[in-house]
Amino acid sequence: YRRARTLALRSSSSALYNNLAVLCPPARPPAFGTVHGTTLSLLASEGPTRQLQARGGGSALSTPLLTQAAWCALPSRVLLVLTSQRGVQMYDSDGSTMVFWHALDVPEHPAAHSVFARGIAAAGGHFICVGTSSGAVLVFDIPPKGTNVTLSEILEQHRDPITDIAAEQGQAPDGAGDLVTADDSGTLCLWNTDEEFTLLGKIPGFGSTCSSVTLWNGIVAAGYGNGQIRLWEAGSGRIRAQVSAHARWIYALDLAPLTGKLLSGAEDSFVHVWKLSRNADTDDIEIQHCHAECVTDTQVCGARFCDPAGDTFAVTGYDLSEILCYGLV
């Protein structure tokens, strides 16, 4: 891979997990989004940078901080979802029209813990799942069109704030979960998302936060605060591989569904590309290192592939007022 281009931002990116959203529409250039404080910067293929504001405050002084943004591609529509300290905002794919707003329950006597939403994934064909600081996962039922979004279920298996949520991006083996949720303690929950969400199993944490998680062909790839990437079976919950991938906290993982390439970015200024596969003879899960890129003097906080094959990727960093794009040589 080699640096291909640089996209200028109006403001830098906040030091948040998975702080880069990429939309890859067919036959069109990708669109990008990154969070800074109370605003989301949107960069489309044409036109100027747009800014979306967090909702839920009466005045500019009380505007809540955004925690994440992601495009959720459902079979019938694509929605842009924003999470903040006050709730969940859903827009149409270009951010021009708000479709839905859900306020978080704020306790009457706030405890020492802050309230926020974080972790976004489309699941099961017509659901969008959003995690919260209480450990609950909100499941929203999304209609094919219109604004009649409903909160259909709340999944309550985590005791710590949700960090990330991922849905199956390949072909899950029989009996494997198609959704995984991760939290601050490192605990992972595996779910089946038929008409009702069913908990298939729990993978306990081991003292390190799981900051980012992906799911592909029944393989769970999880990135941790100690710089490790661990691979698990989505069916049995068994660990199959462990890599000391980074020297510092991992902030982002992404997966290219067509090839099984895995992208990791961390506080140590490095971005790595890996290749996941299953051995046809032994069914073992294998991971191979493909590429390392140093983004000099940058705490990487967002890294995403820009196409389904993983031939291009983009990177954001804390206090970096641009998006760096890389492509295969």
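Residues numbered from 1 in each chain as written. Predicted model: local features only at pLDDT ≥ 70, side-chain atom pairs only at ≥ 80, totals over all residues. Heavy atoms only, no water.

Going by the annotation in an unreviewed UniProt entry, the name recorded for the chain is WDR54 protein, with Grantiella picta given as the source organism.

Participant: Would you mind showing me how to read the pattern of salt bridges here?
Facilitator: Oppositely charged side chains can pair when the atoms bearing their charge come close. Evaluated as defined, the whole model comprises 8 salt bridges. Between Asp184 and Arg118 there is a salt bridge whose closest N-O contact spans 3.9 Å. Placement of Asp184 in the loop between strand 15 (179-183) and strand 16 (188-193) and of Arg118 in strand 10 (residues 117-123) is noted, with a sequence separation of 66 residues between them. Take Asp184: its relative accessible area is 28%, and that puts it in the partly exposed class. For Arg278, the salt bridge is made with Glu233, and the minimal N-O distance between the two is 3.0 Å. Of the two residues, Arg278 sits in strand 24 (residues 270-278) while Glu233 sits in strand 20 (residues 228-233), which places them 45 residues apart along the sequence. Under the relative-accessibility criterion, Arg278 is labelled partly exposed at 25%. When salt bridges that share partners are traced, they join Glu233, Arg240, Arg278, Asp283 and Asp284 into one network. (Salt bridge = Lys/Arg side-chain N within 4 Å of Asp/Glu carboxyl O. Helix = DSSP H or I, 4+ residues; strand = E, 2+ residues; numbered from the N terminus. Buried < 20%, exposed > 50% of the residue type's maximum accessible area, 1.4 Å probe, protein only.)

Participant: Help me understand the UniProt feature "repeat: WD" (unreviewed entry) in the chain in this model?
Facilitator: Using the residue numbers shown here, the UniProt feature "repeat: WD" (unreviewed entry) corresponds to residues 243-284. End C-alpha atoms of residues 243-284 are separated by 15 Å, and the span's content is 0% helix alongside 57% strand. (UniProt positions renumbered as here; feature names shortened; annotations may be inferred.)

Participant: Explain the environment of Ala123 to me, please; I cannot follow it from the model alone.
Facilitator: By the element assignment, Ala123 lies in strand 10. For Ala123, a relative accessible area of 4% puts it in the buried group.

Participant: How do you make sense of the pairing of strand 9 (residues 98-103) when you look at a structure like this?
Facilitator: Walk down a regular strand and you will see the side chains alternate between the two sheet faces. Bridge analysis of strand 8 (residues 87-92) against strand 9 gives 5 bridges, and the strand direction is antiparallel. Across the sheet, Gly87 pairs through a bridge with Ala103, a residue of strand 9. The hairpin turn running from strand 8 into strand 9, its antiparallel successor, is 5 residues long, and Gly95 in that turn takes a positive phi close to 80°. (Pairing = 2+ DSSP bridges.)

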